[in-house]
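Each chain, letter by letter, is given below.
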2 protein chains.
Amino acid sequence: YQAAIAHHRATGRRTLLDVSIRLADHICTTFGPTARRGTDGHQEIELAMVELFRETRDRRYLDEAVFLLEMRGQQPPVVGGSPYHQDHLPVREQAEAVGHAVRLTYLACALADVAMETGDKGFGVAAHALWASAFERKAYVTGGLGARWQGEAFGEDYELPNDTAYAETCAAIGGFMWSWRLLIETGEARFAEAMETALYNGILAGVSLDGEAYFYQNPLSDRGRHRRQPWFGTACCPPNIARLLMSLPGYLASGSDKALHLHTYASALIDVIVPGAGRLHFAVETAYPWDGTVTIDVLDAPDVPVTLHLRIPSWAEGSSVAVGAQVAEDVSVGAYWAVTRRFASGDRIVLDLPMRTRLIEAHPRVASNAGRVALVRGPVVHCVEAADHPGVEVSSLAIDPQAGWDVKSIEGLPGCPHALVGVGATRGGSGPTAPLHHTRAPKDWRAAMVTAVPYFAWANREAGAMAVWLPVMQPD
Amino acid sequence: YQAAIAHHRATGRRTLLDVSIRLADHICTTFGPTARRGTDGHQEIELAMVELFRETRDRRYLDEAVFLLEMRGQQPPVVGGSPYHQDHLPVREQAEAVGHAVRLTYLACALADVAMETGDKGFGVAAHALWASAFERKAYVTGGLGARWQGEAFGEDYELPNDTAYAETCAAIGGFMWSWRLLIETGEARFAEAMETALYNGILAGVSLDGEAYFYQNPLSDRGRHRRQPWFGTACCPPNIARLLMSLPGYLASGSDKALHLHTYASALIDVIVPGAGRLHFAVETAYPWDGTVTIDVLDAPDVPVTLHLRIPSWAEGSSVAVGAQVAEDVSVGAYWAVTRRFASGDRIVLDLPMRTRLIEAHPRVASNAGRVALVRGPVVHCVEAADHPGVEVSSLAIDPQAGWDVKSIEGLPGCPHALVGVGATRGGSGPTAPLHHTRAPKDWRAAMVTAVPYFAWANREAGAMAVWLPVMQPD
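Residues numbered from 1 in each chain as written. Chains lettered and ligands numbered in written order. Predicted model: local features only at pLDDT ≥ 70, side-chain atom pairs only at ≥ 80, totals over all residues. Heavy atoms only, no water.

Caption draft 1: View of the relation of the copies chain B and chain A. Mapping chain B onto chain A is achieved by rotating through 180° and translating by 0.0 Å along the same axis, at an RMSD of 0.0 Å. These values place the two chain copies in the arrangement generated by a two-fold rotation axis. Mapped onto chain A, 100% of the interface residues of chain B are again interface residues, and the two copies thus contact each other with one and the same surface. (Least-squares fit on C-alpha atoms with pLDDT ≥ 70 in both. Contact = heavy atoms within 4.5 Å.)

Caption draft 2: Highlighting the sheet that holds strand β7 (residues 306-312) of chain B. Residue and element names in this part refer to chain B. The strand order across the open sheet built from 4 strands is β2-β3-β7-β10, with neighbouring strands paired in mixed fashion. Looking at strand neighbours, the two that pair on one side only are β2 (253-256) and β10 (335-341), the edges of this open sheet. With direction set aside, neighbouring strand axes in the sheet form an average angle of 20°. Inspection of the sheet shows strand β3 (residues 259-262) paired to β7 by 4 bridges, in the parallel sense. Looking at the pairing, H261 lines up with H309 of β7. Relative to the sheet, helix α8 (residues 189-203) contacts β7 and β10, its axis offset from that of β7 by approximately 55°. (Pairing = 2+ DSSP bridges. Helix = DSSP H or I, 4+ residues; strand = E, 2+ residues; numbered from the N terminus. Axes fitted to C-alpha atoms, helices over the stretch in contact; angles between N-to-C directions.)

Caption draft 3: Summary view of the sheet that holds strand β3 (residues 259-262) of chain A. Residue and element names in this part refer to chain A. With mixed pairing, the 4 strands of this open sheet are ordered in space as β2-β3-β7-β10. The two strands at the open ends of the sheet, each matched to only one other strand, are β2 (253-256) and β10 (335-341). In this sheet, adjacent strand axes meet at a mean angle of 20° when their direction is disregarded. Strand direction decides the pairing type here: strand β7 (residues 306-312) and β10, joined by 7 bridges, are antiparallel. Residue pairing for β10: I312 is matched across the bridge by A335.

Caption draft 4: Up close: the packing of aromatic side chains. This model, assessed by the stated rule, comprises 24 aromatic pairs over all chains. Between the aromatic rings of Y200(A) and Y288(A), the centroid separation amounts to 6.5 Å while the plane-to-plane angle is 70°, which identifies the pairing as edge-to-face. Of this pair, Y200(A) sits in helix α8 (residues 189-203) while Y288(A) is found in the loop between β5 (278-286) and β6 (293-300), placing the two residues 88 residues apart along the sequence. Each member of the aromatic cluster is reached from another via a ring pair, and the members are W131(A), F135(A), W178(A) and F191(A). If you follow R57(A) out to its NZ or CZ, it ends over the ring of F53(A), 4.5 Å from the centre. Directly above the ring of F123(B) sits R92(B), whose terminal nitrogen or CZ lies 4.2 Å from the centroid. (Phe/Tyr/Trp six-rings, centres within 6.5 Å; stacked < 30°, edge-to-face > 60°. Lys NZ or Arg CZ within 6 Å of the ring centre and 35° of its normal.)

Caption draft 5: Summary view of unusual backbone geometry. Cis rather than trans, the peptide bond between Q75(A) and P76(A) has omega equal to -5°. Summarising the element assignment, P76(A) is placed in the loop between α4 (59-70) and α5 (101-118). Note that the residue after Y288(A), namely P289(A), is joined by a cis bond; omega there is 10°. Residue placement: P289(A) occurs in the loop between β5 and β6. Here the phi dihedral of D257(A) falls at roughly 50°; this positive angle occurs in a residue that is not glycine. Its location among the elements puts D257(A) in the loop between β2 and β3. The residue R57(B) is not glycine, and still its phi comes out positive at about 60°. You can see R57(B) is positioned in the loop between α3 (45-56) and α4 (59-70).

Caption draft 6: Up close: the environment of F343(A). Residue and element names in this part refer to chain A. By secondary structure assignment, the location of F343 is in the loop between β10 and β11 (348-352). In this structure F343 comes out as buried when scored by relative accessible area, which is 7%. Those residues in contact with F343 that lie beyond four places of it in its chain are V298, A301, P302, V306, L308 and I349. (Buried < 20%, exposed > 50% of the residue type's maximum accessible area, 1.4 Å probe, protein only.)

Caption draft 7: View of the interface of chain B and chain A. Contact residues are listed per partner, giving 54 residues for chain B and 54 residues for chain A. Both faces considered, chain B and chain A share a buried interface measuring about 4300 Å² in area, 47% of it formed by carbon and sulfur atoms. Put simply, chain B and chain A have 8 salt bridges between them. The salt bridge involving E393(B) is made with R365(A); its shortest N-O contact spans 2.2 Å. Summed over the shared surface of chain B and chain A, the number is 22 residue pairs in polar contact (both at pLDDT 80 or more). (Buried area = accessible area lost by both parts, 1.4 Å probe. Salt bridge = Lys/Arg side-chain N within 4 Å of Asp/Glu carboxyl O. Polar contact = N/O pair within 3.5 Å; in protein donor to acceptor, adjacent residues only side chain to side chain.)

Caption draft 8: Broad picture of the pairing of strand β4 (residues 268-274) of chain B. Residue and element names in this part refer to chain B. Burial of β4 is one-sided: the residues A268, I270, V272 and V274 facing one way are buried, the residues L269, D271 and I273 facing the other way are not. Bridge count between β4 and strand β5 (residues 278-286): 7 bridges; the pairing is antiparallel. Residue pairing for β5: V274 is matched across the bridge by G278.

Caption draft 9: Looking closely at the domain arrangement of chain A. Residues and elements named next belong to chain A. One can read the domain layout of chain A as domain 1 (2-250), domain 2 (255-352) and domain 3 (357-471). Taking the mean C-alpha position of each, domain 2 and domain 3 sit 36 Å from one another. Contacts between the two partners involve 4 residues from domain 2, matched on the other side by 11 residues from domain 3. It is P289, W290 and W315 in domain 2 that bury the most area against domain 3; as a group they hold 96% of the surface buried on that side. Run the count over domain 2 and domain 3 and you get 0 salt bridges. The interface formed by domain 2 and domain 3 contains 1 residue pair in polar contact (both at pLDDT 80 or more). Across the side of domain 2 that touches domain 3, the residue classes tally to 4 nonpolar, no polar and no charged. (Domains from an automatic or database assignment. Nonpolar A, V, L, I, M, F, W, Y, C, P; charged D, E, K, R; others polar.)

Caption draft 10: Just the pattern of salt bridges, in detail. Residues and elements named next belong to chain A. Enumeration according to the criterion identifies 66 salt bridges over all chains in this entry. Two residues, D157 and R137, come together in a salt bridge whose shortest N-O distance is 3.3 Å. Taken together, the positions of D157 in the loop between α6 (121-137) and α7 (169-186) and R137 in helix α6 put the pair 20 residues apart, joining distant regions of the chain. Since its relative accessible area comes to 24%, D157 is described here as partly exposed. Judged by relative accessible area, which is 23%, R137 ranks as partly exposed. Linked through salt bridges whose partners overlap, the residues forming this network are R9, E51, R54, E55, D113, E117 and R181.

Caption draft 11: Region of the structure containing the environment of A24(B). All names here are of chain B. Among the structural elements, A24 can be located in helix α2 (residues 15-30). A residue is classified by how much of its surface remains accessible, and A24, at 0% relative accessible area, is buried. Placed 24 residues apart in sequence, A24 and A48 show a C-alpha to C-alpha distance of 9.6 Å. Aside from chain neighbours lying at most four places away, what touches A24 is Y1, M49, L52 and Y61.

Caption draft 12: Quick look at α7(A). Residue and element names in this part refer to chain A. Between its first and last C-alpha, α7 extends 26 Å over 18 residues, near the 26 Å set by a 1.5 Å rise per residue. Among the 18 residues of α7, 15 are classified as buried, and the element is accordingly described as predominantly covered. Looking one or two places after α7, you find G187, whose phi comes out positive at around 70°. (Expected span 1.5 Å × (residues − 1).)

Caption draft 13: Highlighting helix α3 (residues 45-56) of chain A. All names here are of chain A. For α3, built from 12 residues, the straight-helix expectation of 16 Å at 1.5 Å per residue is met to within 8% by its first-to-last C-alpha distance of 16 Å. Taken across its 12 residues, α3 has 9 buried, putting it largely inside the fold. Here α3 has its buried residues at I45, E46, L47, A48, M49, V50, E51, L52 and F53. Buried residues along α3 sit against α1 (2-11), α2 (15-30), α4, α5 and α7. Count one or two residues on from α3 and you reach R57, which has phi positive near 60°.

In structure tokens form, the structure reads like this:
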């Protein structure tokens, strides 16, 4: 359906759309209140049905999406009744992200879509409750979703193992699509931030820098065995990445009436028709996420006041926005900063987002990350790889929390201009002859340079250990 | 077989032994060089065949054990060729503990048995190489074996997750039996120490303090969901514990010619016939492992010099042994301390093993334990439980490495006289509303009493979180 709709929107031709309509009609005839009372094992068609409704305005497709959603959690169950299929409870009552992670994200997208199109708040409540569960208690710092290989599933709250993380690329993409829907509904910056986190980390890691190989699972630590593959028997992730990357321009900004929201920053020409007033056309120039300066040049503007909303990420304390000669200092973070004015060609807006390297900690309930930190700069999560630490065991590296981190250029990682470099330490007792368990003793710390590369760029060089979460040096 | 042999040894009656001989004969006729070339899927009969050989001196049973061992790792494979069944390599070439953990331990017991009875060194080399793999790189601090639920299997080197540890009770028992065989072969104290670690921790945790319920898996941390069960569909663990506990007296000591080794300490009457010289009879009195004083009173002794070997655990720095008025101070640890003399009734030997609370660290490659310590006193691994920390999240507790630990009596845990109590800390930001990920900040430490109970006693009170490995407080 999505391909057919995209084809129709892009070309105006109905050839593929008509095929999808015939298929959708067949499904509507086969499954429905007066036909077979069934639903799918892998949610996906629900959100496609809503999109087909949007394209055709044929209400049957929206009704079918609602029907397929409502069939979950019935007694007796129609798809087995298990949390794996999110069939354990009626969808309106689901509030915990459980079961197969990709299925859950597509289910939640459909819940948000149906809530938006029908106004039925019950679906929206579930979409939001599930989001809080998934993103506030069950998401990796990379935006990855799904802690368990078993069932490719969400774990319990705070169950976020690093080495055995499943974090399927498709689940991060599904989470991105889900957050997008809640962003459009609410306008709240936290949803855009979740999208950005997933995009630059959990999703982008799914494809090699040369675009030739893919990850299905995206662990946050590894011993050098997990490598991208050219293809998979169940090949959902590669085309899903392709679809997302090709449709990225559509996620940069969104407009409503006389307002425009910029959700993330990339060099782009943005062209919007302000209803009844004319064209708003501007150029964004930035090296974001490597640099925090974003320059917006107005090329054409309607002769009415327009509100421009710029998202200030939660980590960008001390950001400023200059609109012409007016400068707003220290704007609120984790929110959209808004300016309303009659823009004119030649106007320039400069946003400055400070790009500090932050040491991120996890909630103490995340057992795998106790005493560890992740290095994050802007939206980009970093990791250490064996390739940058010859002769040193990655597992023996530790972070000095007082250290400063320099941004240094790095070679061998195309599209990845620099790495973070700081003074950390390695400890003795890390070799193969060291005892498995021993009485605690002073650590024999030796200063060592630690180089951290963007997580999305890992496993693009020779195979070796990788870790996102690094231990902090301990006192004796 | 073992029941039949035990019955025969205890009663002298052949009723059960004859049954087992007929069954063994049937197996020998069915599987062998001139019959079916097969072997078992779950190793167990090999070590039983050796024991039947020892009891009957019928060489066919030893040959059958060798045959069954040699059938593993053949091309084409006879039991699937997988590491799960230890069928991936000929047994003499196996050097890494892989696959189903219980199967591996029984295989290794048989390798050691066959090596001892046949003198074939290849089997012994494998038994030792596998032991190094299992106990020096893949064992929990509790003596538990088997990191993975998937396949109830060993993980990779240093793969020792706490919450998802499988650590089947039977695997700890199998490891105990295996270490016993290598101890008898070599006389090296490290094997006895591994047995003691397993006994007081990984094995004993397998049964509730009231003896009514059992653990199959023995994780090293839990959220309060894992509880002992009265029985299991596959009920290997409960009778295995019963067998081991009933046969414990046989593991306390072993004799050879005019020497006696005491491998661990418990109040007991030990009665040995010194070949050609007479009876050596003495009483051991101790509250070990709660107290390190062991008093040995000679009740009867032959009129020849006898060597008494007392094991000094590796953790017992500063131990002393008084033989009458002679005191040996600061004896070597991780070894047997020996005294040779003509003992006489009325002689007293007093061994003093200092029982300090040690903070144990894991090898830095054990990702789950970075920045964490385990509290161990004597051979007893401790853990913290929610029951002793009302109103505090176990995951928020941290250890002050400078703290002292008091031994205090505790109620509600029959057979478990005391707990360790020390000043640690809890940290803020540990509740359900705290963010999943946040920028590192000073920790808001608050001093808190930490109570640690023996690991074997966990989950005997109301359900709640448990952890063996606790984070060490970090500097800001």
